[in-house]
Amino acid sequence: MGFPLPVIDSVYTASKDLLVYVKSKNTLFRELNLNLSSLLTDLVTINSKRFEHDQKISLSALNLKKTGGFITLEEEADQIEKEFQILYLKHQEVCRLPSAATLHAASAQNSASTMPAMTDGVSLSIMNAIKEKDRKLSRFSKEFFNIARFSKDIVRLSRRTPRLVELLSRSTLQLTYRMVNVVELQHPSPNPAHHVIQIREILRHVSDQGVKKIVVTGPAGVGKTSLLRGFNNQLKHLTMPKDDGTVDLELDLVIWVSVSRKDGVEEIQNAIVKRLHLQDCDGLSTKDKMDAISIFLNSRRYVVIIDEIHVHTNLDSVGLHDNHPNGTVVIATKSTSITQKVDVIIEVKRLSEDDSLILFRSIYGEIEEKNKQNAQLAVVSCGGIPHNIELVARFLQETNSFPNVINILGRADITQGNEKFSDAYFPIFENLPKDVQDCLFYCTVFPLNHRIPKEYLVECWWAEGLLDVEGLQRLRGGRLEGWRILNQLIGDYWLDSFSDEYVKMPILCRHMVKKWGDSQNRVVWVGDGRLPNQARWKKATRVRATSCSFEPDAESPATSNLTTLLLQDSPDLVQIKDSFFIGMKELAIFDLFKTGITSLPTSIFGLTNLVSLYVNGCYSLNELPAEIENLKKLELLDTRGSSIRSLPVEIGKMSSLRCLRVTLGTKGCNREMRQEKVIIPLEIIRGLGKLEELIIEIGCCNRSWSEIVDDVVEEISSLKILTTLHFHFPNVQTLQKFVTASISWKNIHTTWNVSTFHSFKFSVGCCEQVQYGELKVSQVLPQKHLILCNAKDISLIDEVVKQMSTFEVVNHSRIKSLSEFELDKATELKVCAVKDCKELLSIVDGDQINDMRGGIMEGVLQKLEKLHLFGLMSLQCIWKGEFFKMSIAKLKVLTLHDCPKLTDVLSVELARALLSLEHLRVDNCCILEQIIRVETSNNLADILPKLETLEVENLPNLKTICESYTINWTSLRRITIKDCKSLQSVPLTLMLSLSEEVKNLFASRVLSSETN
């Protein structure tokens, strides 16, 4: 009796399925070699590409960098390699595969030591073991099925690698040329027409490889520096990589050097060394620096701009040699014989009468009929020197005293040179208030052509008592008054604003003001590499000496009138004689910035009138002695950048101290570093009842700081008139504790009827390894700056969010939108930077805000002026969901960098809202297809009405700026397009808004100009 037919069918089907199953497993077993070789080959290729590009970057770090898309692919490759390692370890024991040590040995025998341990040697080692098993294994053994499962997992993993190999081989996803790092300089006014012509002439000569030295010459005050600034800024816009990676203006480096010394060789060298980041040059001789600079620059394309050389200077001694094949030096000077062989001389001439009158009117305004003849005479008397015209025009605008000025200027003999003409400034200078005169005269303590830090200058005015301030918060009042005077001097052309941080004193103003001081026996001595002799010490009221050192037995100077002593930038100054300061009873400011001092001489502690002591940057100074308490009038102490890591108990007895700045640890994340013990004895800070400003610099994850931070916060909270605090809080809870307990934070009973707190910089949480550097914030205005590093529970610090003007969000791993931080509360926010937030999908989520508000419709970020987005690997849009009117209407600057999942930047609705946007820059967004996304054919003539600058760089998939041709682009002055290979056209309306010169350049993919 046989089996029933259904049973036979069932057994047959099961047997067939089993056979198919075993056959498939046998195929996987047999093809393990092929599957494994394919995967390992791809991994080796991927790592080879990465290694190749790392080598390229190391050889050309100044002008090459990885794109955001490439970094994303690298992260994906790392993940696949990690999964393979986990997979191998998972199957190693059950499949009896070779050990990891065996694989590394095989890798070492078959590949370069610089390559990762994924090579053919690994595959061969595994396959030899599998072949040996193949002869012994039963097809129904457990080990057979384990190996088949291993092969199947390999197949699954290997499906992901071919795409990576293909993408990493594309040039557009590998490296991008860095924009040549040109530091843009401020212009007090636009370039005059003759400067535009001369800038073009310099650019033409720079493109000629045979031209090595270009001299820009002309009398003092004629505008040489202004011309070079315009040239420098134009280079920023004209160094554009083309599709093949080359550039029309072939530059790797642009270096600006301001020379303030008579012998400028060392000063030029130091500026170049700093710009090139040649760290190994510290302490080298001039000859060794020359060799290092020459070797570095010899293979690079560079322009060095030197403003200005006063005596004959051998540029070969600097390291700027004529045999450098692609280097050009542009020099400003009054004399063409200032250096050896010159290829091109460009003379900056005095303005014509017509141009002089145009400049005069641009400052004075429309000239009344009764004053036209006098205005003409005043302009002619200024001798065609722009600075003279600016100064006189501003003075007449404020006083309208034409007859007196004409009489004064008429006595100035222009033929005797500008130094003689500067005497005509006396009556204008004497018309200034006394405190303004004194502040301007203080500027003569800095060398000719020196960039003077604005904030430091105001502090010096305050410490010397030049500012009329009273009241409890004397330092804050002094800052406000000092900035008022500084802005007045800049506005009246007595000082030249070089940037947000620096001013310069024009040569003619300096000559006249110094002469005025000498007439009143107010002697200022400025030296380089040397100190005054005894006779000059005796007369001097202020002394500044750099790059100097003291002889061990140097005689103590006999000076009873000295109020300021600046011994800055003197690394060879290691020791000062203990008795050196005995005679300096009136000294108010002593600055040892960046000296090699190892200890403070004992006589310093007898300076009973000392107000400000700077030892910042004194890297060899590691201790403040207990005698510091003898400086009873000391109000400002700055030890930042020194090696001092603990404060003496005696600091707490310095009851006059108003400003304390210290560095107590290494910046950045300290988790992996050797940590020094941080010591702030208890009750020190509580005893500083007059403290207005406290800056404590320290990195995150410092264990000893975490141990004392709660006590420090408690003491700071007790201070009643604190106006400025820079501080690192380990977590949000610690910051909440401060905000809740601080007397100063809550105090609004002040002279200004606002909160005592004038500015703060709070960092919260652990920054870990952040790819992008610290946000540079202008120091001109008081800042309320919050840096949030992967911190939680921001709702605990609503009061900080309400006040902050600058917000940095760094390395938050889980947030999807900044709306989670309740941005509607950030009503004072002006600058926002978002960095390395890998999961961030949008900046603002309107729907989420609407849900939190319960339907209340109000604009958010209404005061925001700058938005910077860096390294946001998942960002899909700036604004998501419902839009609120008046939101981000004041935004002026928008920057996006390394956002590899962004397909467009602005929706039409968002673009309409950006009524104030002036500058838009987008770079390294590998799949971005358009800047403005248009979904309908509506008229868009009214969007982006103030956009002046549009920069797009390394956007390989960018197809269009905007598909609409109805945008007017009426304010556009410059468009820059770099390495956008898919961009075929630019809207006609955009092209029509540009100059003819720019239209002609579009064919070569380089667009850059400034229309008048």
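Right above here is the structure, for reference.
Here goes a summary of the coordinates provided. (Residues numbered from 1 in each chain as written. Predicted model: local features only at pLDDT ≥ 70, side-chain atom pairs only at ≥ 80, totals over all residues. Heavy atoms only, no water.)

Concerning the packing of helix 20 (residues 454-463) against helix 21 (residues 474-491)
Threshold: A fitted line through C-alpha atoms serves as each axis, taken over the contacting stretch for helices, and the angle formed by two N-to-C directions is quoted from 0 to 180°. Helix and strand assignments come from DSSP, with helices taken as H or I runs of at least 4 residues and strands as E runs of at least 2, each series counted from the N terminus. Two helices cross in a left-handed way if the nearer one is turned anticlockwise from the farther one by less than a right angle. They cross in a right-handed way if the turn is clockwise. In this analysis, two residues are considered to be in contact whenever any of their non-hydrogen atoms come within 4.5 Å of each other. Gly is put with the polar residues, along with every residue not named as nonpolar or charged; the nonpolar set is Ala, Val, Leu, Ile, Met, Phe, Trp, Tyr, Cys and Pro, and the charged set is Asp, Glu, Lys and Arg.
Where helix 20 contacts helix 21, the axes come no closer than 9 Å and their chain directions differ by 120 degrees. Note on packing geometry: the crossing formed by helix 20 with helix 21 is right-handed. The segment helix 20 lies against helix 21, with Lys454, Glu455, Leu457, Val458, Glu459, Trp461 and Trp462 engaging Arg474, Leu475, Gly478, Arg479, Gly482, Trp483, Ile485, Leu486, Leu489 and Ile490. Across the contact of helix 20 with helix 21, the residue classes break down as 10 nonpolar, 2 polar and 5 charged.

Regarding the sheet that holds strand 32 (residues 960-962)
Defined as follows: By definition, two strands form a pair when at least two bridges between them are found by DSSP.
Strand order in the open sheet formed by 3 strands is 28-30-32, and the pairing between neighbours is parallel. The strands lining the two open edges of the sheet, one partner per strand, are strand 28 (904-907) and strand 32. Neighbour-to-neighbour, the strand axes of the sheet open up by a mean angle of 25 degrees, direction not taken into account. In terms of strand pairing, strand 28 meets strand 30 (residues 930-933) through 3 bridges, oriented parallel. Each residue of the ladder has a partner; that of leucine 906, found in strand 30, is isoleucine 932.

Considering helix 25 (residues 732-741)
Put simply, the test is: Under the scheme applied here, a residue whose accessible area is under 20% of the maximum for its type counts as buried, over 50% as exposed, and between as partly exposed, the area being computed with a 1.4 Å probe on protein chains only. Comment: arc refers to directions from the helix axis out to C-beta atoms. Any pair of N or O atoms that falls within 3.5 Å is considered a polar contact. Within protein, one atom must be able to donate a hydrogen and the other to accept it, and sequence-neighbouring residues count only if both atoms are side-chain atoms.
Every buried residue of helix 25 is accounted for by Val732, Thr734, Leu735, Phe738 and Val739. In a view along the axis of helix 25, the buried residues occupy a sector of 160 degrees, so they form one face of it. Near the N-terminus of helix 25, the side chain that reaches the backbone nitrogen of glutamine 733, with its oxygen 3.3 Å away, is that of asparagine 731.

Some words on the nonpolar core
Where we set the bar: Joining through side-chain atoms within 4.5 Å is the link that ties buried Ala, Val, Leu, Ile, Met, Phe, Trp, Tyr and Cys residues into a set, and such a set is a nonpolar core.
Core analysis: the largest hydrophobic core is formed by 142 residues, its most contacted members being Leu565, Phe590, Phe738, Val905 and Ile931. When residues of this core are assigned to their parent elements, the largest contribution, 6 residues, is made by helix 24 (residues 703-717). Ignoring sequence-local partners within four residues, the contact set of isoleucine 931 consists of Asp904, Val905, Leu906, Leu920, Val922, Val952, Leu955, Leu958, Thr960 and Ile961. Formed by 91 residues, the second largest nonpolar core is a distinct cluster that contains Phe231, Val392, Leu457 and Val524.

Observations concerning helix 15 (residues 386-399)
Within an α-helix, residues lying three or four positions from one another point in the same direction, as the helix has 3.6 residues per turn. Inclusion rule: Residue count minus one, scaled by 1.5 Å, sets the expected span of a helix.
Taking 1.5 Å of rise per residue, the 14 residues of helix 15 would be expected to cover 20 Å, and the 20 Å separating its terminal C-alpha atoms lies within 8% of that figure. Taken across its 14 residues, helix 15 has 11 buried, putting it largely inside the fold. By the burial criterion, the buried members of helix 15 are Pro386, His387, Asn388, Ile389, Glu390, Leu391, Val392, Ala393, Arg394, Phe395 and Leu396.

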